[in-house]
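Working through the structure, step by step
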Amino acid sequence: MKYFNIAKVIIINFILLYFLLYILELFINFNNNKLFQKTRLYYLNKDIENKPGEKIYLNFGSYKLIDKTNDILPLSGYENAKILLCLDENNKPVYFDSDSDGFNNSKIDNANILLIGDSYVQGMCVNKSYNFNEQFKKFNLNTSSLGVGGNGPLLEFATFKEYKLNYNLKNLILFITPDNDFYDLSNEQNNKILMNYLNDDNYKQNLSNKENKKKKIEILDEYFGNKTDRLWNDFFSVYHLNLKQVGNLIESLFKREKKSKNEYSYLQDKKIDQLFIKILDKYIIESKKNNYNFYVIFNSVTPDILYPKNFHQQKFKTLMNNKTNLIKSHLKKQNISFFDFSDYLTANYDDKNISEIFKNINNEWDHYTNNGFVLLTEKTVSLIVYE
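Parameters and conventions
- Residues numbered from 1 in each chain as written.
- Predicted model: local features only at pLDDT ≥ 70, side-chain atom pairs only at ≥ 80, totals over all residues.
- Heavy atoms only, no water.
- Disulfide = S-S within 2.5 Å.
- Helix = DSSP H or I, 4+ residues; strand = E, 2+ residues; numbered from the N terminus.
- Buried < 20%, exposed > 50% of the residue type's maximum accessible area, 1.4 Å probe, protein only.
- Phe/Tyr/Trp six-rings, centres within 6.5 Å; stacked < 30°, edge-to-face > 60°.
- Lys NZ or Arg CZ within 6 Å of the ring centre and 35° of its normal.
- Contact = heavy atoms within 4.5 Å.
- Pairing = 2+ DSSP bridges.
- Axes fitted to C-alpha atoms, helices over the stretch in contact; angles between N-to-C directions.

Once that is clear, we can look at the state of the cysteines. Enumeration over the complete set of coordinates arrives at one disulfide. For Cys 86, the disulfide goes to Cys 125, at an S-S distance of 2.0 Å. Residues Cys 86 and Cys 125 are joined through a disulfide that is right-handed, its torsion about the S-S bond being 110°. Of this pair, Cys 86 sits in strand 2 (residues 82-87) while Cys 125 sits in the loop between helix 3 (119-122) and helix 4 (132-137), and the two are 39 residues apart along the sequence. Overall, the relative accessible area of 7% leaves Cys 86 in the buried class.

Moving on to the packing of aromatic side chains. Using the criterion set out here, one finds 25 aromatic pairs in the structure. Pairing Tyr 42 with Tyr 43 gives two aromatic rings, centres 5.3 Å apart and planes at 80°, and the pair type is edge-to-face. Residue Tyr 43 is classed as buried on the basis of its relative accessible area, which comes to 13%. Here the aromatic rings of Phe 60 and Tyr 223 are separated by 6.0 Å at their centres, their planes lie at 75°, and the arrangement is edge-to-face. With Phe 60 in the loop between strand 1 (56-58) and strand 2 and Tyr 223 in helix 8 (residues 210-224), the pair connects residues that are 163 residues apart, well separated along the chain. Connected via pairs of aromatic rings, a cluster forms that spans Tyr 120, Phe 132, Phe 175, Phe 339, Phe 341, Tyr 344, Phe 358, Tyr 368 and Phe 373. In this structure, Lys 82 packs its charged tip against the face of Tyr 95, placed 4.2 Å from the ring centre. Lying across the ring of Phe 298, Lys 328 places its NZ or CZ 5.8 Å from the centre.

By the secondary structure assignment, Asn 196 is in helix 7 (residues 192-199). Residues Asn 196 and Ala 158 lie 38 residues apart in sequence; the distance between their C-alpha atoms is 8.9 Å. Those residues in contact with Asn 196 that lie beyond four places of it in its chain are Lys 161 and Tyr 203.

So, on to the pairing of strand 3 (residues 93-97). Taking every second residue as pointing to the same face, the buried face of strand 3 carries Val 94 and Phe 96, while none of Pro 93, Tyr 95 and Asp 97 on the other face is buried. Pairing of strand 2 with strand 3 involves five bridges; the strand directions are antiparallel. Bridged to Ile 83 within strand 3 is Phe 96. Counting the residues in the hairpin turn of strand 2 and strand 3 gives five residues, including Asn 91, whose phi is positive at 60°.

A few words now on the sheet that holds strand 7 (residues 293-298). The five strands are arranged 5-4-6-7-8 in an open sheet whose pairing can be described as parallel. Each edge of the open sheet carries a strand with a single partner, namely strand 5 (143-145) and strand 8 (338-340). Mean inter-strand twist for the sheet, computed between neighbouring axes without regard to direction, equals 20°. As paired elements, strand 4 (residues 113-116) and strand 6 (residues 171-176) share four bridges and run parallel to each other. Considered in strand 6, the bridge of Ile 116 is made with Leu 174.

Structural measurements only, silent on function.
Have a look at this one:
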């Protein structure tokens, strides 16, 4: 009886603790406008259930595998399939139909402008009619894109080098995302396959051949697992029973001190500058060798960095601007035309109306709005057509 009472007390206390933590979880999600929101997995499973014969997959970012030791490193997601790209500001799914290499492109026979970049170039998180490929069509310019969410400078160069022969290029436009790219590059430099693309002019993985396409699918399948078997996981996520935000809060408290010691070290690493410039020079050499035009677009930093309101945001902006200005200086010396969207927005917008250009999802700044994609396309067209 004694042990039974002890067990009873422990169980009751555990239930009370879980209940209190669950209340805290609900409060955090309510405060962040995430209360009972559907997840990508929820929509994926619904689609698979309603359309059992259709190939539907989650979007894939190569950065998720750069610390693995697979025979190959996939540089895109599933091919010739319906891809759930992201959830928009209304918690609704945005899809695209991937091309034969796994990118967000429609079939265009005479596309001679190639866009290289990350999630912005991939079209996050707007419906197809507002992504860059569709916006350029309004100016009678046909583009293809090799954009993948999470890509940094080295992954972008590897992707370009791997698939460039599939395109009849006249113009190449590289989109740089300053608030992500320097950090991404600090991670990408540790991947042997990616460094091979940079250091060996003849290196390719030959991802388009039949054998490697099969390997790629196997790697993606292993990474994602069987999503249809994770319905309970999704149920716990939607109704916050997994206490995810509480766990993130506790983790952030333990990591705060460690982070402060190493904060922004990659923005003070000159090796990253040298590596970034080496990548740019590879594009420049390639464009001169093959007689096409090369342009650089600097995506805008997010509004919290564009209009800093505390010391950490200001420090990040200062360090990032130092690196960005170094890149710009090099481009000027090489006579490469570029456009900086941050500079334009600083001159023409403020923190009161910047929401016209950037989405705010769950109290966090996200990708461009429809208007943001329209405006940056207009500025890019002006650069390449009227320079």
